[in-house]
Amino acid sequence: MSSFEWPAPVTGFISARGANSSNPDPAEAICFVCHKGRILKQVDSDGRWQPADVSTAESFEHAQRHVMGEIGNSLCLAFETSDPGDAEFVDMRAMLDSFDRTHFNLVGRALQLCDWFRTHRFCGKCGQQTVEDPRDSSLSCETCRLNFYPRLSPSIIVLIHRDDEVLLARNHLFPEGLYSTLAGFVEPGESIEETLHREVREEVGVNVHNLDYRGSQPWPFPNSLMLGFHAEYESGDIVLQPDEIADAQWFSIDALPKIPARFAISRWLIDDYLAQRGRPV
Ligand SMILES: [Zn+2]
């Protein structure tokens with residue numbers, strides 16, 4: 001099979017600000033219980049991760065409750081508990097393939113919101129305690145009249161190609177033998193395209209052109225939004241940025257090394273290119 005389709009967007013979620021007409025029953029809310037960056041582990045008989053019901057979420061002591069929004073006609077609530085008791089909380093990355101895409105997005109949202117509220121309890125300007133504004137998930141300082149919003153870090157991720165070859169790299173933290181696409185954070189004053197050119201130059205020393213935006217993925221580790229591109233090689237030899245990149249090579253698309261799992265946008269970019277070149281994915 002040589003076709004590849006980008007995963008369809010998760011639709012149907014309405015943020016707290018937009019949710020004002022359906023008045024869903026709070027007793028039927030879908031709950032995401034977090035503890036210091038981990039999510040309550042509940043799985044069905046097929047091993048698929050499941051959210052908690054209200055009574056389970058409210059059984060945790062010392063839990064802060066935050067309104068996330070609505071999906072379908074259900075209210076979505078995030079809880080941050082300081083006392084996990086005997087319950088098992090897991091790092092989301094340890095069980096990525098047990099989340100469907102809706103739950104992946106919502107759990108990511110819940111973890112990021114809880115982390116945000118936990119770490120921004122005081123105004124960065126005057127030091128006074130901040131107050132939660134449930135309409136838009138912001139925290140405000142009533143003295144300074146400042147609103148603070150959850151942090152989001154846009155990043156580029158790019159597959160560089162040259163006919164039937166792709167440039168893949170590994171950083172020092174990757175599992176043995178794994179290669180992936182290049183990625184990097186947008187810096188102040190940059191467009192997405194400028195970030196892409198800079199990151200590629202910095203990490204592997206080559207120039208690219210013909211940027212082709214392919215799709216995006218929220219990546220809540222801790223708060224990235226990955227914007228995925230294909231880019232055509234233009235010039236230059238590979239020169240590694242030694243602090244960050246352990247190795248980078250051109251690979252034939254018929255002899256790829258170990259690449260990321262199907263869950264990640266890095267893999268989608270690779271599979272998308274293989275399909276464009278008529279290769280099986
Ligand atoms: Zn203040």
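Secondary structure summary: the protein contains four helices and 15 strands in total. Out of the 281 residues belonging to the protein, those deemed buried represent 28%. Within the protein, counting contacts between residues at least 6 apart in sequence, those at least 24 apart form 65% of the total.

Further remarks concern the sheet that holds strand β9 (residues 146–148). Ordered by their spatial adjacency, three strands build an open sheet running β7-β8-β9, and the pairing between neighbours is antiparallel. Two strands close off the open sheet at either side, each with one partner strand: β7 (131–133) and β9. If you compare each strand with its neighbour and ignore which way they point, the axes differ by 35° on average. Of the strand pairs in this sheet, strand β8 (residues 138–141) and β9 are connected by three bridges, and their pairing is antiparallel. From the neighbouring strand, C141 faces β9, where its bridge partner is L146.

Turning our eyes to something else, we now look at the domain arrangement of the protein. The domains assigned to the protein are domain 1 (13–119) and domain 2 (153–276). On a C-alpha basis, the centres of domain 1 and domain 2 stand 31 Å from each other. Tallying the contact residues gives eight residues for domain 1 and seven residues for domain 2. When its residues are assigned to classes, the side of domain 1 that touches domain 2 shows two nonpolar, three polar and three charged.

If you walk across this open sheet you meet the six strands as β1-β4-β5-β2-β3-β6, and the pairing is mixed. Taken across any chain shown, the strands that pair with only one partner, and hence form the sheet edges, are β1 (13–15) and β6 (89–90).

Time to look at helix α3 (residues 192–204). Here α3 spans 18 Å end to end across 13 residues, near enough to the 18 Å set by a 1.5 Å rise per residue. Looking at α3, one finds that the buried residues are L196, E199, V200, E203 and V204. One side of α3 holds all its buried residues, which, seen down the axis, span an arc of 100°. Contacts from the buried residues of α3 go to β10 (153–162), β11 (165–171), β12 (182–185), β13 (207–219), β14 (224–235) and β15 (245–252). G205 sits one or two residues past α3 and shows a positive phi near 75°.

What follows concerns the pairing of β10. Each regular strand carries side chains that alternate between the two faces of the sheet. Pairing between β10 and β14: nine bridges, direction parallel. Its bridge partner lying in β14, V158 is registered against F229. In the sheet, β10 pairs with β11 via three bridges, with the strands oriented antiparallel. Of the residues in β11, the one forming a bridge with I160 is L167.

Procedures and definitions
- Residues numbered from 1 in each chain as written.
- Predicted model: local features only at pLDDT ≥ 70, side-chain atom pairs only at ≥ 80, totals over all residues.
- Helix = DSSP H or I, 4+ residues; strand = E, 2+ residues; numbered from the N terminus.
- Buried ≥ 20, exposed ≤ 12 C-beta atoms within 10 Å, placed from the backbone.
- Contact = placed C-beta atoms within 7 Å.
- Pairing = 2+ DSSP bridges.
- Axes fitted to C-alpha atoms, helices over the stretch in contact; angles between N-to-C directions.
- Domains from an automatic or database assignment.
- Nonpolar A, V, L, I, M, F, W, Y, C, P; charged D, E, K, R; others polar.
- Expected span 1.5 Å × (residues − 1).
- Arc of directions from axis to C-beta.

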